[in-house]
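Close look at the chain arrangement
Residues per chain are reported as follows:
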Amino acid sequence: MTKDRCDVLVIGAGAAGLAAAIEARTLRANVVLIEKNDAPGGTTGWSIGSFTATQTPHQISAGIKDSTDAHFDDMRRFAGKDADRDNPGLRRLFVENLSDTLRWLMSMGVEFFGPMPEPPHTKPRMHNVLSAGHEGAERRRPLRPKSTLRAAAERNH
Ligand SMILES: Cc1cc2nc3c(=O)[nH]c(=O)nc-3n(C[C@H](O)[C@H](O)[C@H](O)COP(=O)(O)OP(=O)(O)OC[C@H]3O[C@@H](n4cnc5c(N)ncnc54)[C@H](O)[C@@H]3O)c2cc1C
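This text gives an overview of the structure that appears in the document. (Residues numbered from 1 in each chain as written. Predicted model: local features only at pLDDT ≥ 70, side-chain atom pairs only at ≥ 80, totals over all residues.)

Further remarks concern the site of the ligand. The immediate surroundings of the ligand are formed by 20 residues, with Gly12, Gly14, Gly42, Thr43 and Ser47 found nearest. At three residues, the largest contribution of residues to the shell around the ligand is made by helix 1 (residues 15–26). In terms of residue class, the shell around the ligand is built from seven nonpolar, eleven polar and two charged. Here the shell around the ligand gathers at least three residues from each of two domains, domain 1 (1–46) and domain 2 (48–143). (Near = placed C-beta within 6 Å. Helix = DSSP H or I, 4+ residues; strand = E, 2+ residues; numbered from the N terminus. Nonpolar A, V, L, I, M, F, W, Y, C, P; charged D, E, K, R; others polar. Domains from an automatic or database assignment.)

Here we come to the packing of helix 3 (residues 68–79) against helix 4 (residues 88–107). Packing of helix 3 against helix 4 brings their axes to within 9 Å, and their N-to-C directions diverge by 135°. Considering the angle they form, helix 3 stands oblique to helix 4. Judged by the twist between their axes, the crossing of helix 3 over helix 4 is right-handed. Where helix 3 approaches helix 4, its residues Thr68, His71, Phe72 and Met75 are matched on the opposing element by Arg91, Arg92, Val95 and Glu96. Of the residues assigned to the contact of helix 3 with helix 4, the class counts are three nonpolar, two polar and three charged. (Axes fitted to C-alpha atoms, helices over the stretch in contact; angles between N-to-C directions. Parallel < 35°, antiparallel > 145°, perpendicular 65-115°, else oblique. Left-handed = near helix turned anticlockwise from the far one by under 90°. Contact = placed C-beta atoms within 7 Å.)

Looking now at the pairing of strand 5 (residues 126–129). The sheet contact formed by strand 3 (residues 50–52) and strand 5 spans three bridges and is antiparallel. In the strand pairing of strand 5, Phe51 is matched with His127. (Pairing = 2+ DSSP bridges.)

Turning to the nonpolar core, a few remarks are in order. Judged by nonpolar contacts, Val10, Ala13, Leu18, Ala21, Ile22, Val31 and Leu33 together constitute the single largest core of seven residues. When residues of this core are traced back to their parent elements, those giving at least two are helix 1 and strand 2 (31–34). Of the residues forming this core, the biggest block, three residues, is contributed by helix 1. Residues in contact with Val10, not counting those within four places in the same chain, are Gly17, Ala20, Ala21, Val31 and Leu33. Phe51, Ala53, Val95 and Leu102 belong to the second largest nonpolar core, which has six residues in total. (Core = buried A, V, L, I, M, F, W, Y, C linked by C-beta atoms within 7 Å. Buried ≥ 20, exposed ≤ 12 C-beta atoms within 10 Å, placed from the backbone.)

Bringing the environment of Pro40 into the picture now. When you line up the elements, Pro40 lands in the loop between strand 2 and strand 3. Taking the C-alpha atoms as reference points, Pro40 and Ala13, separated by 27 residues in sequence, lie 5.0 Å from one another.

With that settled, consider helix 3. Taking 1.5 Å of rise per residue, the twelve residues of helix 3 would be expected to cover 16 Å, and the 18 Å separating its terminal C-alpha atoms lies within 8% of that figure. Count one or two residues on from helix 3 and you reach Gly80, which has phi positive near 60°. (Expected span 1.5 Å × (residues − 1).)

Glancing now at the sheet that holds strand 5. Strand order in the open sheet made by the three strands is 3-5-4, with antiparallel pairing throughout. Each edge of the open sheet carries a strand with a single partner, namely strand 3 and strand 4 (112–116). Across the sheet, the axes of successive neighbouring strands diverge by a mean angle of 25°, strand direction being ignored. Two elements, strand 4 and strand 5, share three bridges in a ladder whose sense is antiparallel.

Any link to function would need more than the numbers given here.
Here you go:
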């Protein structure tokens with residue numbers, strides 16, 4: 001990689017950009033990730049860290065029988081009278097990729113607790129990031145984008 005060349009240029013170091021950069025690097029691409037702010041994080045850094053998903057290790061170990069179809073149907077309840085304005089194709093893509101995404105985050109060292117009830121969802125599906133400030137989490141290291149990228153790169157090279 002020269003100063004002005006790379007295989008993959010990722011613009012923005014929030015969750016989407018960091019995930020794209022990690023995946024591209026895992027595929028051995030030379031990746032440049034640029035961020036307009038002083039530090040990575042973006043809106044992702046503000047988020048509470050709740051992650052609603054079905055068929056996760058947490059749901060399975062709690063004995064919760066759930067499905068992506070049920071999740072797909074329940075999402076209408078949030079939209080109310082605007083439900084028909086939703087994009088069902090995108091909603092389907094969303095619900096069907098959540099479990100793998102949560103597992104991928106866990107493989108990066110993100111720890112979740114739950115699932116918690118989240119009405120109008122009909123099953124407990126809300127997983128929450130276990131932050132460094134959470135009770136019992138003193139021994140846990142907060143996840144930082146730089147260390148995430150480094151760990152992913154080291155694991156694959
Ligand atoms: C208070 C709050 C709480 C939330 N809680 C949750 C939650 O619990 N669960 C949940 O699922 N969602 C939550 N969300 C929503 C969630 O945070 C966003 O949907 C998600 O972070 C978006 O990720 P992103 O990577 O698309 O964008 P971002 O995380 O915003 O990343 C985009 C990055 O691109 C950078 N950028 C933009 N333009 C340029 C440019 N021209 N050049 C270089 N860099 C650029 C930005 O500075 C930013 O760092 C919450 C949002 C807020 C505000």
